[in-house]
Amino acid sequence: MSAPLPAAFAAFDPGAMLAPHVAEALWRGTEVNASAVRTVRTGFDALDAQLPGGGWPTHSLTEVLTPQAAFCEWRLLGRSLPALMQDGGRLYLIAPPKQPHAGGLAQLGVTAEQVLWIDASKPVDRLWVTEQILKSGPAGAVLAWLPQARPEQLRRLQIHAQSCDAPVFLFRPLATLADASPAPLRITVAPAQGWDLEVRIAKRRGSCLDESLYLPAMPGNLADVIPPRLHTVPAAPAVAPSREEASHARALGRIAPPAAARVPVSH
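What you see as residue numbers is a count from 1 along each chain, following the sequence as written. Local features in this predicted model are restricted to residues of pLDDT 70 or higher, and side-chain atom pairs are both shown and tallied only at a pLDDT of 80 or more, whereas totals for entire chains, interfaces and linings draw on every residue. With hydrogens and water set aside, each side-chain value is computed from the structure's full complement of heavy atoms.

Enquirer: Could you give an account of the overall build of the chain, naming the residues involved and the relevant values?
Expert: A count of helices and strands for the chain gives 12 helices and 10 strands. Classification of the 267 residues of the chain by burial places 35% in the buried group. Summarising the internal contacts of the chain: among those between residues at least 6 apart in sequence, 63% fall at separations of at least 24. For the accessible areas, the method is Shrake-Rupley and the probe is 1.4 Å, while residue cover comes only from the protein chains on display. In the form shown here, the chain has an accessible surface area of approximately 15,800 Å², with 58% of it arising from carbon and sulfur atoms. The helix count covers DSSP runs of H or I at least four residues long, the strand count covers runs of E at least two residues long, and both are numbered beginning at the N terminus. Only protein chains enter the area calculation, which uses a 1.4 Å probe; residues under 20% of their type maximum are buried, those over 50% are exposed, and those in between are partly exposed. The criterion used for residue contact is that any of the two residues' heavy atoms lie within 4.5 Å.

Below you can see the structure in the form of structure tokens.
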């Protein structure tokens, strides 16, 4: 938890000690900054309440750090996409780890005509494409998967994002949380119990948030078809590996057991 403010700072009253126009512009580091740029609601009230401006920011980068690519992204952003696609908005996908599924995007309110998919494999190409899109003034949302971007490269993207009126999301590995980043907003997201997502705000304009947010993120199309008993999925119990499984795990990468070698592999 954040440490309490010293008494001298707590007693400071801007309205009594400063000119009115100066007091209105004053921001304390312990307060969540009311964003001066346009924001887009996330679709999660608990998350909006903790983000500056009450939603996903425009004119800046948002870093989304995940333990595994293509695992939580759409469940986190899906509720905000319909509003972003209005008035001719497009969804710019730069090097997603899996091919976009037109049917799944349609259920999120994004038609195939609104999706621009750029399959760039080299890190330098991904960065170049992202920069060009930000400079073009896109309408909608920009989603880029940049696992290998360096801090100086992110700073360049942040400069271009400041003139972009669309939210810009960079998806990166959770391990990069220890690296410096110019993105004003950095969040981590991972699956939680059942259909929930565990979200932590690692960086925002304002005071730190130490607690995790647990967001109910069941896809809307599933809520209508799965039975009520599956709306809450219990956590799977941890099972210790058997002696034979442990032996096979130690041999992994050397020689497979004869019995396992005869079993056909299927998807």
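Okay, back to it.
Enquirer: I'd like a rundown of unusual backbone geometry, residues and numbers included.
Expert: The phi angle at His59 is positive, at roughly 60 degrees, despite the residue not being glycine. By relative accessible area, His59 is classed as partly exposed at 25%. Not every positive phi belongs to a glycine, and Asp87 is a case in point at roughly 60 degrees. In this fold, Asp87 is placed in the loop between helix 6 (81-84) and strand 4 (90-94).

That is the geometry; function is a separate question.
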